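# Analysis of the macromolecular model
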Amino acid sequence: MALIVQKYGGTSMGSPERIKSVARRVARYRAQGHEVVVVVSAMSGETNRLIALAKEIQAQPDPRELDVIISTGEQVTIGLLSMALKDIGLDARSYTGTQVKILTDSSHTKARIQHIDESAMRTDLKAGRVVVVAGFQGVDAEGNITTLGRGGSDTTGVALAAALKADECQIYTDVDGVYTTDPRVVPEARRLKTVTFEEMLEMASLGSKVLQIRSVEFAGKYKVKLRVLSSFQEEGEGTLITFEEEDNMEKAIISGIAFNRDEARINVTGVPDKPGIAYQILGPVADANIDVDMIIQNVGIEGHTDFSFTVPRNDYQKALAILEGVQGHIGAKSISGDDKICKVSVVGVGMRSHVGIASTMFRTLAEEGINIQMISTSEIKISVVLDEKYLELAVRVLHKAFSLDQEP
Ligand code: ADP
Ligand code: ASP
Ligand code: MG
């Protein structure tokens, strides 16, 4: 008998039929004697609908009130799933984040989990109940409702698994595992049987939304056994996130390709090349709580240099305005930017022991006439910034160039 945390995403909860099917899967696990805690997302499209509704009232929604609104999607699905479970003879009980007491900090719309009170859940499990918890939401020390950022139900699932020391955390979604890249963009993408925790962390941070990055961080920190599976299939082993690098000769050099459209580039040209300039440019941006990702500073020529960096697309206008405000103070010649860019990254722990990955990547893009605007590398990834219109093409040709469509 094991304790299993199952998380079901929006598509998996998308209709009464789908919810009943989730209930039947939970029942199968109960029938095998397992204890089950279920974490659910809102029905697909619901969180977007609620955000749009809020914006009709207030263009820049008040963060505290926005959390009150967007957390309701999950309150609906915990009730529906608990009813579906009772309807087929299981005892179940629903919990909002506040009812469990998933304590978070107070950063509305991107709160971080600080502590989870598992006592009520334990009591229910002992009494033979299925515990159904609302994903994506928590409560801060003052009792305010908070949410964990888009895709945050994954993090609720893994955090509950960590708190309960569950034997496994199963993330059920609309694909049957983690693929070499988004199968919606490359139909030839292949499911990975395993992916290392490090690779998954990179893929999630570089845009593969199959798992929210914080859920992967939690899994790493608390060594949660994490598996991604399809809720549309009866069987299947999905993809296991592993902590050991298999010393497996067949392991591919590149495991996957991630991409992110949610990016914008800002260029600051003709700034005096002197100590403190990076701080003068990026300090005000950081003070406005804008995440800066890739940064490039050119070698100075005749005492002047150029500086480029990327920010989330949502923050583009705000970042531009901040820099225009300090342009005179910095002494920059011009401030410009582009919010029609994307980032494409190849990821793989095998890159550590192989050379030539970058040159294959750059040659492949060059052969398609795709211009690279920025490059950044780490031990296990290479990212390039491209014009957004080349995203699909770039991902497809790179997928082929690294033979990701074939078993290694
Ligand atoms: P859920 O609602 O279940 O949380 P998401 O839409 O958040 O589902 O995540 C699943 C989606 O992630 C898939 O439908 C797929 O389009 C996308 N995706 C992006 N990259 C990958 C990848 N490497 N492997 C699998 N799916 C991916
Ligand atoms: N419903 C939330 C969202 O759409 C959380 C989630 O689905 O994980 O972002
Ligand atoms: Mg998701």
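Residues numbered from 1 in each chain as written. Chains lettered and ligands numbered in written order. Predicted model: local features only at pLDDT ≥ 70, side-chain atom pairs only at ≥ 80, totals over all residues. Heavy atoms only, no water.

The protein appears in an unreviewed UniProt entry as Aspartokinase from Chitinimonas viridis. Of the comments in the UniProt record for the protein, the one headed Catalytic activity (unreviewed entry) reads "L-aspartate + ATP = 4-phospho-L-aspartate + ADP". Of the protein, the UniProt comment under Sequence similarities (unreviewed entry) reads exactly: "Belongs to the aspartokinase family." (UniProt positions renumbered as here; feature names shortened; annotations may be inferred.)

### Brief notes about the overall build of the protein
Helix and strand counts for the protein stand at 13 helices and 18 strands. The C-alpha radius of gyration of the protein comes to 23 Å, within 12% of the 22 Å expected for a compact globule of 408 residues. With the C-alpha coordinates of the protein rotated into their principal frame, the extents come out at 75 × 50 × 35 Å. Burial statistics for the protein: of 408 residues in total, 52% are counted as buried. A separation threshold of at least 6 residues defines the contact pool for the protein, and within that pool the share at least 24 residues apart is 74%. When the accessible surface of the protein is totalled, it reaches about 18800 Å², and 49% of it is carbon and sulfur. (Helix = DSSP H or I, 4+ residues; strand = E, 2+ residues; numbered from the N terminus. Rg over C-alpha atoms; globule rule 2.2 N^0.38 Å. Buried < 20%, exposed > 50% of the residue type's maximum accessible area, 1.4 Å probe, protein only. Contact = heavy atoms within 4.5 Å. Areas by Shrake-Rupley, 256 points an atom, 1.4 Å probe, with all protein chains shown as cover.)

### Things to note about the UniProt feature "domain: ACT" (unreviewed entry) in the protein
Sites flagged by UniProt as "domain: ACT" (unreviewed entry) map to residues 266-340 and 346-408. Structurally, residues 266-340 comprises 35% helix and 35% strand, and the distance from its first C-alpha atom to its last is 11 Å. Secondary structure content for residues 346-408 is 35% helix and 22% strand, while the C-alpha to C-alpha distance between its ends is 16 Å.

### Here we look at the pattern of salt bridges
Applying the stated criterion across every chain yields a total of 22 salt bridges. As a salt-bridge pair, Glu392 and Arg261 come within 3.3 Å of each other at their nearest N and O atoms. Remark: Arg261 occurs in strand E13 (residues 256-272) and Glu392 occurs in helix H13 (residues 391-401); sequence separation between them is 131 residues. Among the salt bridges present, the one from Lys389 reaches Asp387, with a minimum N-O distance of 3.8 Å. Assessed through its relative accessible area of 61%, Lys389 is described here as exposed. For Asp387, a relative accessible area of 24% translates into the label partly exposed. Taken together, the shared-partner salt bridges connect Asp91, Arg93, Asp124 and Arg129 into one network. (Salt bridge = Lys/Arg side-chain N within 4 Å of Asp/Glu carboxyl O.)

### Concerning the site of ligand 2
By nearness alone, every residue bordering ligand 2 is listed as Ser41, Thr47, Glu74, Phe136, Arg150, Gly151, Gly152 and Ser153. Between ligand 2 and the protein, one listed contact pairs an oxygen atom with a side-chain N or O atom of Ser41 at 3.1 Å. Between Gly152 and ligand 2, the recorded distance is 3.4 Å, taken from a backbone N or O atom to an oxygen atom. When ligand 2 is considered free in solution it has 260 Å² of accessible area, and contact with the protein chains removes 86% of it. For the shell around ligand 2, a count of residues per class yields one nonpolar, five polar and two charged. (Near = heavy atom within 4 Å. Polar contact = N/O pair within 3.5 Å; in protein donor to acceptor, adjacent residues only side chain to side chain. Nonpolar A, V, L, I, M, F, W, Y, C, P; charged D, E, K, R; others polar.)

### As for the packing of helix H10 (residues 277-287) against helix H11 (residues 316-330)
Orientation of H10 relative to H11, taken along the N-to-C sense of each, is 155 degrees, at an axis distance of 10 Å. Put simply, H10 runs roughly antiparallel to H11. Where H10 crosses over H11, the two elements pack in a sense that is right-handed. For the pair formed by H10 and H11, the contact residues are Ile277, Gln280, Ile281, Pro284 and Val285 on the first element and Ile322, Leu323, Val326, His329 and Ile330 on the second. A class-by-class count of the residues in the contact of H10 with H11 yields eight nonpolar, two polar and no charged. (Axes fitted to C-alpha atoms, helices over the stretch in contact; angles between N-to-C directions. Parallel < 35°, antiparallel > 145°, perpendicular 65-115°, else oblique. Left-handed = near helix turned anticlockwise from the far one by under 90°.)

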